[in-house]
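Summary of structural features
In case you want the letters, here they are:
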Amino acid sequence: MEHEVFVPVQAERLREALADPVRVARAVPGLQQDAGTPPVSGRLKVRVGGHTITYRGTVRVTAREDGSYAVEGDAAEARGPGTVKLALVLTLSPSDGGTTVTITGTTTADGRVADLPPDAVSATTGRLLNRFVENLAEVTQTPPGTAEREPEREPERETEPKKPEPEAEVEPEAEIEPAPEAEPSALSEEQEPAPPTPSRVNREDAVAEAAHARRTMIGRSAEEVDHAPPRGRYAPVPAPETAVGRATLRWAAPAAAVALASAIAVTRALRKRR
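So, a few notes on the structure that sits alongside this text. (Residues numbered from 1 in each chain as written. Predicted model: local features only at pLDDT ≥ 70, side-chain atom pairs only at ≥ 80, totals over all residues. Heavy atoms only, no water.)

Some points on the pattern of salt bridges
Counted under the stated rule, the structure contains three salt bridges. Of the charged contacts, one joins Arg23 and Asp20 as a salt bridge, the two residues approaching to 3.3 Å between their closest N and O atoms. For the pair shown, Arg23 and Asp20 are each scored as buried. Between Arg60 and Asp74 there is a salt bridge, with its nearest N and O atoms 3.8 Å apart. In this pair, Arg60 sits in strand S4 (residues 51–63) while Asp74 sits in strand S5 (residues 69–77), placing the two residues 14 residues apart along the sequence. Among the ionic contacts, a cluster of salt bridges with common partners joins Arg60, Glu72 and Asp74. (Salt bridge = Lys/Arg side-chain N within 4 Å of Asp/Glu carboxyl O. Buried < 20%, exposed > 50% of the residue type's maximum accessible area, 1.4 Å probe, protein only. Helix = DSSP H or I, 4+ residues; strand = E, 2+ residues; numbered from the N terminus.)

Right, here's the structure in full:
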């Protein structure tokens, strides 16, 4: 294949970036580096014609005597037996306002990508090469050997264990002599014990009423409990009697006594006549 990409960067700046593996790794689009591996190695997800294939491999960039650069790479599918091998040559040609990067070489692949349409594979390859060269032009702004790595943590300094502070001496408390108990007088012995306070009486009544309510509700259905009249302090207060009824009862009792005495007198008189 043969592919050309123009970038507005001087050729010398691109050569410095290609000589630094760290910046080359940053230029590979979508490369996820694994910890403890060489700079230009890791996993790369490639989308070809609606299919996504993940490869794991390594890329090496070597400067040649004629000023060009050789790019060699080997990768294997993360989930499958497919492999990809590439051998490319990058040639930098200075031009007005920048540099033209010419990419030539061959690529062999098998596995899933071999079953996809060739046009889709070619379009994906061209897109990856364009992004690689553009990213390479952007990383020329960073100094050599720098990358987006996690900042190294400073080693923790060993601190001497703190010595336990001596406990403060506690002065013994002065012994307090108990106050002499007052002798019970004859008047206090004759006095009756004080009645319980109203709060205590109310509390005992409430406990007794609750216990009575539990005893009465045991063995009764929910309907009977719902319709049962309340008892205790919650029972309904009967209506007060009227004064008219009391007055009637006050005069009815003597009248009944008089009538009863009259009946007895009449009965005795009738018996005497007989």
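Picking up after the structure, the text goes on.
Overview of the pairing of strand S7 (residues 98–109)
Here strand S1 (residues 2–7) pairs with S7 via six bridges, running antiparallel. Among the inter-strand pairings, Val7 is bridged to a residue of S7, identified as Thr99. Joining the antiparallel neighbours strand S6 (residues 83–95) and S7 is a turn of two residues, in which Gly97 adopts a positive phi near 80 degrees. (Pairing = 2+ DSSP bridges.)

Looking at the sheet that holds S1
Reading across the sheet, the seven strands line up as S1-S7-S6-S5-S4-S3-S2 and stay open at both edges, with antiparallel pairing between neighbours. The sheet is open, and its two edges are formed by S1 and strand S2 (31–33), each paired on a single side. Between one strand and the next, the sheet's axes are offset by a mean angle of 30 degrees, whatever the strand orientation. Of the pairings in the sheet, the one linking S4 to S5 comprises nine bridges and is antiparallel in character. Across the sheet, Arg56 pairs through a bridge with Ala76, a residue of S5. Against the sheet, helix H1 (residues 11–18) contacts S1, S4, S5, S6 and S7, and its axis sits at roughly 150 degrees relative to S6. (Axes fitted to C-alpha atoms, helices over the stretch in contact; angles between N-to-C directions. Contact = heavy atoms within 4.5 Å.)

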